Amino acid sequence: MAVKCQRSILLPSCSRMTEKKTNMASINSVEWRSICDKFTNAQRLTETESRNDPENDPFRSKYKARELLREIYCSLKSFEAGEGEEDVGGENCEQRPPDQPVDGQTEDAFSQGFSGDSPAGMRAAKLGAVEYYLGVNHVDTEELSAGQEHLMNCMKMLEKCRVSSENVSLFIHVRNQLGILWAGRDETETAQGFLESAESIYQRYMKEDGRPPTDMTEYFTTEENLLTHQERTKRFELAYTHTMYYLAQVYKNLGENERAATYCHSTLQRQLQLSQFSPMEWALNAATLSQYYITKGRYTEGRHCLAAATVISGLAGEVPSEAAAQESETESERREQLWQKRAEIARCWIKYCLNLLQDAKKLLEDNIGELDTDRQDELKRARRQEEEEEEKGRKSAMLFGSEDTFDSIASVEEKVMCLFPLDFTEARAVFLVGQNYVTQAKEYFQMDGYVTDHIEILQDHSSLFRALAFFEEDLERRCKMHKRRVDMLEPICNDLNSRYYLLIRRQLMFELAETYNEMMDLKLTLANRQADNHSLDGHTIKKFNHLCSASAKYFQMFLDSLCSPEGKPPEHLEEEVLRPALVARFRVARLHSKLISSSPPVQLENLNRALENYKYVVQYCEAHPEAAAAVETELELSTEMVGLLPLKINRLKSRMAANN
């Protein structure tokens, strides 16, 4: 008489068994070796053969692996349960309770259930492992609901066991997989529950036991092929590293950025320790993490991440030459990947240098944006203590690297400071490092093919010059730095098609307008040092008016880009352009009032245009009271000028009438 094991659609039916169940097979029996061979083949199909599956049958190998896993499951079910054990899962799987276990009860997992090394505990673990592998198989073939059911069946079986060295690896792996599954469905909090449970199990196991645990693959391995303690430890630690990696993603999605950064940092460190990483992927992740530290002003950690990224990316080897790339498709792909990722790391370095300079500028500037020398002296006196604090922070920080890479990372770190630069010499050293990475990044992100990226790099380069100019005491040299900014941005701005790159053009117009405005202010300061306006020579006046007009031109181009096709200004300014548009109006007014002319009619025209733009700022804020908060200073000055300019205009008209 034959008996069939009824499974749902997941495991339809087991092969025929004898009426009397056989005893659990010995680890060296022929029957057991057959199971081990099937498992080895299933692993080979999944991990190796599947890479070569044809495009029209992409899961062929994984379907074959699934059949082998089903056969293993039915063979395991045929073995008699241990003494005093209920039949794990039951012969009729339709009788299994439909409700799924809720994870998070890790306390019970260590105190209740079968002992991990008992026959019942081992049988539950082995059946659970097959359910786990079937779950992963279904997820890989995009059958997520079936995959979830198998993974939850694994959880159900593990509920019968206490956590021990024989099963702790499976406890963690299945929770990792369920965490990934639910995160992929944007059920972040559900994923968080499974992953935090895996973390808790790992931490308690290491505290209370700590022995190298059995790996899941060893459930189906003959005695001579069992893993060494060293390999067991490595695989177990790698599983926990995955837990930390997935938790970093979960915390990021939940908006817990500090926690996410901590877990990401720990993940990267563990990957290095276990030598389980792809150099370029690791380097890019470390460089990305640096950007979080930079935004928090933690430049020691940010620099360390970037230095480690630079060193580890070097382990990937040299970028293949163009000639080698033309001869081999593999080399071509490798050249593209290495070149791109190193360019992306270079861009992260640019942001590091730029933010360090900008934050130093905020620290040192007075209420009119100039260098506060008293503050500078005060910070220089405090520098020694700051350096000592940096060294303490470095020692307490979790540093990357091993004996092979630690010195190399430290060497890269020494090339750029992580304390705020306090004078031109220090600022220039940071600037030059940033400029070097600008050159590297532009080699890959060229204008032909990477328009947006190329322009963003140019904008960062311009910002580096602007930040450096703050530290320069010589006004002529400062003006030349701003001229460099104009030279790199103006041709791009004029060549870009507004139809496709309107937002980028607006950014460039506004930056060019501000740059010319800064140059004009510098020229005015220089002129005032030499003589008053009435005795300025013609060349100086011409230069001043040119800068003034150029600034007004680009502010007006920005304003025109906001108008309708008929040239009508918008009645309501959107939030993202509200402040820039009103500031541009204010600046245009100011610039027209500053133009120097000996012709009264030209003076009158300039003053009228200035009044027109000042009035616009005031009238817009009266019609839209909520806008006033965005331009408090500009509104106050505009209101004042709306009262004063008509008097000046009338006096000029009176003089013109008297002269006529």
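Everything quoted here is computed from the prediction, not taken from an experiment. (Residues numbered from 1 in each chain as written. Predicted model: local features only at pLDDT ≥ 70, side-chain atom pairs only at ≥ 80, totals over all residues. Heavy atoms only, no water.)

## A few points about the overall build of the protein chain
In terms of regular secondary structure, the protein chain is built from 24 helices and zero strands. Classification of the 660 residues of the protein chain by burial places 47% in the buried group. For the protein chain, the share of sequence-separated contacts (at least 6 apart) that also reach a separation of at least 24 residues comes to 72%. Accessible surface, the protein chain as shown: approximately 33800 Å² in total, 47% of it carbon and sulfur. (Helix = DSSP H or I, 4+ residues; strand = E, 2+ residues; numbered from the N terminus. Buried < 20%, exposed > 50% of the residue type's maximum accessible area, 1.4 Å probe, protein only. Contact = heavy atoms within 4.5 Å. Areas by Shrake-Rupley, 256 points an atom, 1.4 Å probe, with all protein chains shown as cover.)

## Considerations on the packing of helix H13 (residues 329–364) against helix H17 (residues 424–444)
Contact pair H13 / H17: the axes reach a minimum separation of 8 Å and the direction vectors enclose 155°. Relative to H17, H13 is oriented roughly antiparallel. Remark: the crossing between H13 and H17 carries left-handed chirality. For the pair formed by H13 and H17, the contact residues are Glu 336, Trp 339, Gln 340, Ala 343, Ala 346, Arg 347, Trp 349, Ile 350, Cys 353, Leu 356 and Leu 357 on the first element and Ala 427, Val 430, Phe 431, Val 433, Gly 434, Tyr 437, Val 438, Gln 440, Ala 441, Glu 443 and Tyr 444 on the second. Class assignment for the residues of the contact of H13 with H17 results in 16 nonpolar, three polar and three charged. (Axes fitted to C-alpha atoms, helices over the stretch in contact; angles between N-to-C directions. Parallel < 35°, antiparallel > 145°, perpendicular 65-115°, else oblique. Left-handed = near helix turned anticlockwise from the far one by under 90°. Nonpolar A, V, L, I, M, F, W, Y, C, P; charged D, E, K, R; others polar.)

## Structural notes on the environment of Cys 36
By the element assignment, Cys 36 lies in helix H1 (residues 30–47). Residue Cys 36 is classed as buried on the basis of its relative accessible area, which comes to 4%. Sequence separation of Cys 36 and Ile 72 is 36 residues, and the distance between their C-alpha atoms is 8.7 Å.

## A look at the pattern of salt bridges
Under the definition given, this model contains 35 salt bridges. For Lys 380, the salt bridge goes to Asp 423, with nearest N and O atoms at 3.3 Å. On the criterion of sequence distance, the pair formed by Lys 380 in helix H14 (residues 373–381) and Asp 423 in the loop between helix H16 (406–413) and H17 is long-range, its members being 43 residues apart. Assessed through its relative accessible area of 39%, Lys 380 is described here as partly exposed. In this structure, Arg 383 and Glu 426 form a salt bridge, with 3.1 Å as the shortest nitrogen-oxygen distance. Residue Arg 383 is located in helix H15 (residues 383–396), and its partner Glu 426 is located in helix H17; the two are separated by 43 residues in the primary sequence. (Salt bridge = Lys/Arg side-chain N within 4 Å of Asp/Glu carboxyl O.)

## Let's talk about unusual backbone geometry
The phi angle at Asp 186 is positive, at roughly 65°, despite the residue not being glycine. Inspection of the secondary structure assignment puts Asp 186 in the loop between helix H6 (168–184) and helix H7 (188–208). Even without glycine at this site, Ser 275 takes up a positive phi of about 55°. Along the polypeptide, Ser 275 turns up in the loop between helix H9 (257–274) and helix H10 (279–295). What makes Ser 275 exposed here is its relative accessible area of 54%.

## Brief notes about the nonpolar core
Counting residues in each nonpolar core, the largest one holds 124 residues, and the members touching the most others are Tyr 352 and Leu 582. Core analysis: the next-biggest nonpolar cluster, separate from the first, contains 57 residues, Trp 32, Leu 178, Leu 181 and Tyr 240 among them. (Core = buried A, V, L, I, M, F, W, Y, C linked by side-chain atoms within 4.5 Å.)

## Describing helix H2 (residues 60–78)
Each α-helix turn comprises 3.6 residues. Residues three or four places apart therefore point the same way. Compared with the 27 Å implied by 1.5 Å per residue over 19 residues, the 28 Å span of H2 between its first and last C-alpha is a close match. H2 sits mainly inside the fold: 14 of its 19 residues count as buried. (Expected span 1.5 Å × (residues − 1).)

## So, the environment of Leu 364
Take Leu 364: it is sitting in helix H13. Taking the C-alpha atoms as reference points, Leu 364 and Phe 420, separated by 56 residues in sequence, lie 9.8 Å from one another. Filtering out sequence-adjacent residues up to four positions away, Leu 364 remains in contact with Glu 370, Leu 371, Asp 372, Arg 375, Gln 376, Leu 379, Pro 421, Leu 422, Phe 470 and Phe 471.

## Focus: the packing of aromatic side chains
According to the stated counting rule, one finds 29 aromatic pairs in the structure shown. Every member of this aromatic cluster is reached through a ring pair, and the members are Trp 32, Phe 39, Tyr 132, Tyr 133, Tyr 219 and Phe 220. Above the plane of the ring of Phe 445 lies Arg 347, whose end atom (NZ or CZ) is 5.2 Å from the centre. (Phe/Tyr/Trp six-rings, centres within 6.5 Å; stacked < 30°, edge-to-face > 60°. Lys NZ or Arg CZ within 6 Å of the ring centre and 35° of its normal.)

## Regarding the side chain of Ser 638
Considering the arrangement of structural elements, one finds Ser 638 in helix H24 (residues 632–659). Accessibility expressed as a relative area gives 0% for Ser 638, which makes it buried. Not counting chain neighbours up to four residues away, the residues in contact with Ser 638 comprise Phe 586, Tyr 614, Val 617 and Val 618.

## Some details on the confidence of the model for the protein chain
Confidence along the protein chain averages 88 in pLDDT terms, with 88% of residues attaining 70 or more. For the stretch residues 1–9, pLDDT sits under 50, and the model shows 29 contacts to residues farther than four places along the chain or on other chains. For residues 15–23, every residue scores under 50 in pLDDT, and the model assigns this stretch 22 contacts once sequence neighbours within four places are set aside. (pLDDT = per-residue confidence, 0-100.)

## Structural notes on H9
In this model, H9 (18 residues) spans 26 Å end to end at C-alpha, consistent with the 26 Å of a helix rising 1.5 Å per residue. For H9, every residue scored as buried is listed here: Ala 260, Ala 261, Tyr 263, His 265, Ser 266, Thr 267, Leu 268, Gln 269, Arg 270, Gln 271, Leu 272 and Leu 274. Contact partners of the buried residues in H9: H7, helix H8 (229–253), H10 and helix H11 (299–314). Once H9 ends, the next one or two residues include Ser 275, with phi positive near 55°.

## Concerning the packing of H11 against H16
Remark: H11 packs on H16, axes separated minimally by 8 Å, with the N-to-C direction vectors making an angle of 120°. Taken together, the axes of H11 and H16 lie oblique to each other. Seen from above, H11 lies across H16 with right-handed handedness. Taken together, the residues of H16 that come into contact with H11 (itself represented by Arg 303, His 304, Ala 307, Ala 308, Thr 310 and Val 311) are Ser 408, Ile 409, Val 412 and Glu 413. Considered class by class, the residues forming the contact of H11 with H16 number five nonpolar, three polar and two charged.

## Considerations on the side chain of Thr 405
Its place among the elements puts Thr 405 in the loop between H15 and H16. Look at Thr 405 and you get buried, because its relative accessible area is 10%. The contact partners of Thr 405, leaving out residues within four places of it in the chain, are Val 311 and Ile 312.

## What to know about the environment of Pro 600
Looking at where Pro 600 falls in the secondary structure, it is placed in helix H23 (residues 600–623). Counting along the chain gives 56 residues from Pro 600 to Met 656, while the straight-line C-alpha distance between them is 6.9 Å. In contact with Pro 600, other than residues within four places in its own chain, are Leu 652 and Met 656.

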